[in-house]
Amino acid sequence: MEEIISALRELGVEQYVITENHTDSLESFYVKKNLDLTRRADTAVRSVRVFRPFEKDGVKMLGDSEATVRPGMSAEELRGAIGRAWYAAQFVANPWYPLPAGVKEPRRPDKGGFAGKSLAESMKDVAQALFAEDTAQDVFLNSAEIFMRRIETRIVTSQGADVSWEQYEVWGEYVCQCPAPQDVETYHQFSYREPAAEALRADVRHALEMTKARARATAAPKTGAYALVLDREQMAELLSYYVSRSNSGMIYQKYSPFSLGDPVQGESVSGDRLTASLKATEPYTDFGVPMADRPLLEKGVLKTIHGGARFGHYLGVEPTGNYRAVTVPVGDTPMEALTAEPCLHAVSFSDFQMDPLSGHFGGEIRLAFLHENGKVTPVTGGSVNGSILDAQGHMTFSKERFRIKNYDGPLAVRLEGINVAGEG
Amino acid sequence: MKVQESAFIAEKRPLLLKLRDALCGQFDHASILAEDTVGRVYRVSRHSVNVGEGDNVRGFVVKVLDGGRYAEYSFSELEEGSIPGIVAAVRELLAADVRPEGLAANTYAPPAEDPTVFSDATEYEIDPAAMSDEQIVDRLTALRDKGLAMDESVLDFVAMMSWQKYTKLFLSREKDMTQSVMYTTGTVAAAAMKDQQVKQSYMPCSGLGGMELLAKMEDNVAPCVKTVVELLDSEPMIPGEYECICDPETTGMIVHEAFGHGVEMDMFVKDRAQAPQFIGKYVASPLVTMHDGACSAKQTATYFFDDEGTLAHDTVVIDKGILRTGISDLQSALALGTEPTGNGRRESFARKAYTRMTNTWFEPGTDKLEDMIASVKYGMYLECPSSGMEDPKNWGIQCMVNIAREIRDGKLTGRIFSPVVLTGYVPDLLKSISAMSGSAELSGTGFCGKGHKEWVKVSDGGPYIKARIRLG
C-alpha cells in the first residue's frame, strides 16, 4: 500500500481509489460420487484507479483510468503502470463530478458461521449436505463443484476512506441425472454466505425430483399464448429488469426511461403492484462509503435511482453505490392457486434471460408442467419469448418465499398471454 | 513482427525450474504453468469514455499427481525462498480431509510425456505500444461521431476495442514450452429506442495481431446503424419451423453452442454427453465437416500449446456428416484412455483446466448465397446472434439471435422479426443443412463459459448455411 501511495505522490495524482483483494479458495470437483480433484487458489489482486481533472473546450472534465498492480512488480514497473493510467485519464473526457467522501473504520471481520472453521472443515460440511440427499438409484448427482472462499478486501481513497472487511462464501454447481425412462440431466447452482445445510439439502431434493420429472417429459408444449408461471432463479432473473432499469447509468444514457415517482409497471395494473428493496451485499461502495438497504419500488412506484458517483451526479441524485440484490415481499396467492387455472409452469430453462434494454425475456424450456383440463403433464422443448412491458400489468406473486444470493422474495409469478414456440 | 516474451516470465524462469525440480523430486508427476497477461480496453460512447486494462493477470499454478490423486495449487507470488512453502501447501492439499464419509477419490496413472522443448510467438503488424491512448481514443471517437450522425433515431453509438497479449511457460519433467500470443477485438454497436424498448445492433471484428484491426472497424459503422434503424420496426417472432439462411456468425453460434460443447470429452467422462453413442454415425448432413483446434485457424483462440502442455491440434470432429471424435484435455484423456487434443484450457492460472473449444468452425461448401436465398419459398435470414447455451446430454438447442429477415419467394421482403429464440434437437438441425456457401468466416470477439463460469476466449464461424430451424 505504501509503495502505491508513494508512486501516486511522485506522479502528482491527488484523487485515487486503491482496492486490494486477497482470496483464499479451497475447491473440490466431484465426478459421480468420487472426488476427482482438490484445488487451492491463494491469489492477490490490487488495483489503482486514478482521477485526473482537466478542461476540454472550456468544460471541466474528470477522466479516470485503472492500473492493476500485479504480483512481483518492481517499483519501476509499478510507477510505469500507474503512470500509464494517469496518462490515459487525460483522454477520458467525461464531465466533472465530485468523488464521494469515504469513511475510516476498523476492519470488519466476518462473524458468520463459516468464520470459526477452517476452509477444509467448512468444505466437508457443505459436501456432506450436498450429497446427503443423493441416496436413490434412479436419480442421482452426476457431478458437482464446490468453491469455499475467504475474501479479504481493503479500500483506501484520496477522499478519506480506509476500510477493510472479511467475507466467507461458498458457491458451486451440481448436475442431476436420471437415466430412465429417458436419460436426462438438469443443472443447478448454489451460493451462501452462511452455513445453510438444510437449505442446500432441500434444494438438492427439489432438483432430484425435477430431474425425474424431466425424464418423463417427452413432448414440447403446443405453440401458442399461455398463462406462464415462472419460479425460483427465473423469478429472480425476471425482476432484475427493475434493478437494471433504475440504475443511474442506464437512465442518464437514456437506455431506461425510468424516473423517480414513475409508476414503472404502467398506469393500468390489474395484477399485483410490485414493492421491492435494494439489498446491500457489500458493507461499502467502491469509494469506501457505507452501503445500506434502500427502497426501490413501492406499489409499483420508483423510489430510488441507484448507481455510482458519476451518473448520480449528472442526474442530481445521491450516489448510492451499485446494487445487485433485491428483496421483495411475498404475494397473497399460494402456489396451488397460482397453478389452479390452466397454465404452463416452466421450472427449468437452458438459460433463461431477461434483457433489461428491450424488456424481452425467454429461453429454451428444459422442463415445464402443463396444467390443463385438470391434468398436469411434464413437457420439454420449445421456447418462451415474452415482453415484460406487456406482462407487468398482470403479475400475480406467490405466497411462498425463495432465497438465493441476490434475491429474496416470492417463489413464483404468474404472467398472462406469453408466447411459447413449441410443437405444431 | 513476433510478439515478445514477457520479461517477468523470463526473469522467473530459473526459479520455476528449481520449483519444477523440487516438485518432481517429491511427487509422482508435477507440472507448472506460469502466465503473464497484459492488455488494454478502450470504449467510447455518446456519454462516456473508458480507457482501462484488460484481464491483466500474473501468476502460477502447479498440478501434482501423487498416489494416483491429483491436486492443484494456484498462487500469485514466487520469490527465492517460496519453494518449500509451495511444496508444503501441495502436500497439505493432498492430505486435506474434505470428502464426506463414504465417498471415494478418483485415481490416475501418470501421463506419458514425450520430451518437448518449444518456443514460439504469434505475429502482428502494428504494435499497440506504437499508438498512444490519445490516438486510439481519437480513432474510436471518430467512429462514434460518424455513427451518431448517420441517423437521428440513434440513441447511442459505441465503438470499443481491446488488445490482449500473454506469455505462458509450461514446465514438467519432460517439457519446457514457452509461447507468446497477441489478439485484438473490436466492436461497433448502435442503440435506438421506440416504445420503451431499446433495440441494439452490433458488428464485431477480431483477429490475431495488433492495432491493424482499427481499420476494419470503419467499414462496420454504416451497416450497424442501418440495422438498428430497421430493428425499430421489427415485429415479435411468429413461432414456427422455417427454412432459414444463417449468416456465418449465426452458423458459428450453432457450431459452438449447439454441437461443440457436446463433444468436449470431460463431458464424456461424466456421462454428460450423447456424443459417445454417435461416434462413427451420421449426426449431420453429408455437407458438414466441422473443425476445432487452436491451430485449425488464425483467430483469437489460436495458440501453440494448451494450459497442460499439449501441442495445438486441428481436430476434424465431423467429417462429411459423420461424428469422428471429440476434443479433450489431458485429465479427461487419462480417464478415457484416449489422446489429449490440445483443448485443456484455464480461465487463468487461478482456475481449473477443463476441456474447452478453441477455433470451432464448419468448412465451406460450394453454394452461392444468392442462390441459397432464391431457393427459399418462405423462410428467414438469421443474423446478429446474441447468446447460446449448451445441452450436451440432451442435445437441445438454445440460441438467440437479434434479427430474422423474412424471405418470400426467394427474396428478402424487408420485414424483420426480433428477438428470436432457436430451439430443437441438434442432429435434426444439422441433418437438415441443405446448402453451404463457398467461403467460411470466423469471429472471435466473445468468450465462452463452461456452464455459467470459466470464461475463455474462443472463435467460431463457417459459411452461410441453409437449414430448417424452429424459431420462437
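Residues numbered from 1 in each chain as written. Chains lettered and ligands numbered in written order. Predicted model: local features only at pLDDT ≥ 70, side-chain atom pairs only at ≥ 80, totals over all residues.

On to the sheet that holds strand β15 (residues 359-362) of chain B. Residue and element names in this part refer to chain B. With mixed pairing, the six strands of this open sheet are ordered in space as β12-β11-β10-β15-β24-β21. The sheet is open, and its two borders are formed by β12 (322-323) and β21 (441-443), each paired with just one other strand. Across three bridges, the pairing between strand β10 (residues 290-292) and β15 is antiparallel. The residue of β15 that forms the bridge with Met-290 is Phe-362. Strand contacts of helix α6 (residues 248-259): β10, β15, β21 and β24 (459-462), with the helix running at about 120° to β24, the strand carrying the most contacts. (Pairing = 2+ DSSP bridges. Helix = DSSP H or I, 4+ residues; strand = E, 2+ residues; numbered from the N terminus. Contact = placed C-beta atoms within 7 Å. Axes fitted to C-alpha atoms, helices over the stretch in contact; angles between N-to-C directions.)

With that settled, the discussion passes to helix α4 (residues 197-216) of chain A. Residue and element names in this part refer to chain A. Given a rise of 1.5 Å per residue, 20 residues ought to cover 28 Å, and the 29 Å separating the end C-alpha atoms of α4 matches this to within 8%. For α4, the complete set of buried residues consists of Leu-200, Asp-203, Val-204, Ala-207, Leu-208, Met-210, Thr-211, Ala-213, Arg-214 and Ala-215. Residues of α4 that are buried make contact with α3 (119-132), β5 (162-178), β6 (184-192), β12 (343-349), β14 (360-372) and β15 (375-379). (Expected span 1.5 Å × (residues − 1). Buried ≥ 20, exposed ≤ 12 C-beta atoms within 10 Å, placed from the backbone.)

Residue and element names in this part refer to chain B. Its domain assignment divides chain B into domain 1 (7-101 + 117-231) and domain 2 (240-471). Computed from C-alpha atoms alone, the centre-to-centre distance between domain 1 and domain 2 is 23 Å. Residue-level contacts link 31 residues of domain 1 with 23 residues of domain 2. Counting only elements with at least two residues in the side of domain 1 that touches domain 2, the list comes to β1 (29-44), β3 (58-66), β4 (69-75), β5 (116-121), β6 (154-172), β7 (175-194), β8 (197-208) and α5 (221-231). Class assignment for the residues of the side of domain 1 that touches domain 2 results in 14 nonpolar, 12 polar and five charged. (Domains from an automatic or database assignment. Nonpolar A, V, L, I, M, F, W, Y, C, P; charged D, E, K, R; others polar.)

Moving on, we get to the environment of Ile279(B). Residues and elements named next belong to chain B. Along the chain, Ile-279 turns up in the loop between α7 (265-269) and β10. By the C-beta count within 10 Å, which is 14 here, Ile-279 ends up partly exposed. Sequence spacing of Ile-279 and Ala-22 is 257 residues, and the spatial spacing of their C-alpha atoms is 42 Å.

With that settled, consider the domain arrangement of chain A. Residue and element names in this part refer to chain A. When cut into domains, chain A gives domain 1 (2-130 + 142-167) and domain 2 (217-424). Counting from both sides, the interface comprises 16 residues of domain 1 and, opposite them, 12 residues of domain 2. Broken down by secondary-structure element, the contributors of at least two residues to the side of domain 1 that touches domain 2 are β4 (140-157) and β5. By residue class, the composition of the side of domain 1 that touches domain 2 is 11 nonpolar, four polar and one charged.

As a further point, take the interface of chain A and chain B. Taken together, the contact between chain A and chain B spans 66 residues of the former and 69 residues of the latter. With 11 residues, the single largest contributor to the side of chain A that touches chain B is strand β2 (residues 34-56) of chain A.

A few words now on the nonpolar core. Ranked by size, the top nonpolar core spans 258 residues in total, and within it Leu130(A), Leu228(A) and Val62(B) carry the most contacts. It is β6(B) that contributes the most residues to this core, 10 residues altogether. Other than its neighbours up to four places away in sequence, Leu130(A) contacts Ala144(A), Ile146(A), Tyr174(A), Leu200(A) and Val204(A). (Core = buried A, V, L, I, M, F, W, Y, C linked by C-beta atoms within 7 Å.)

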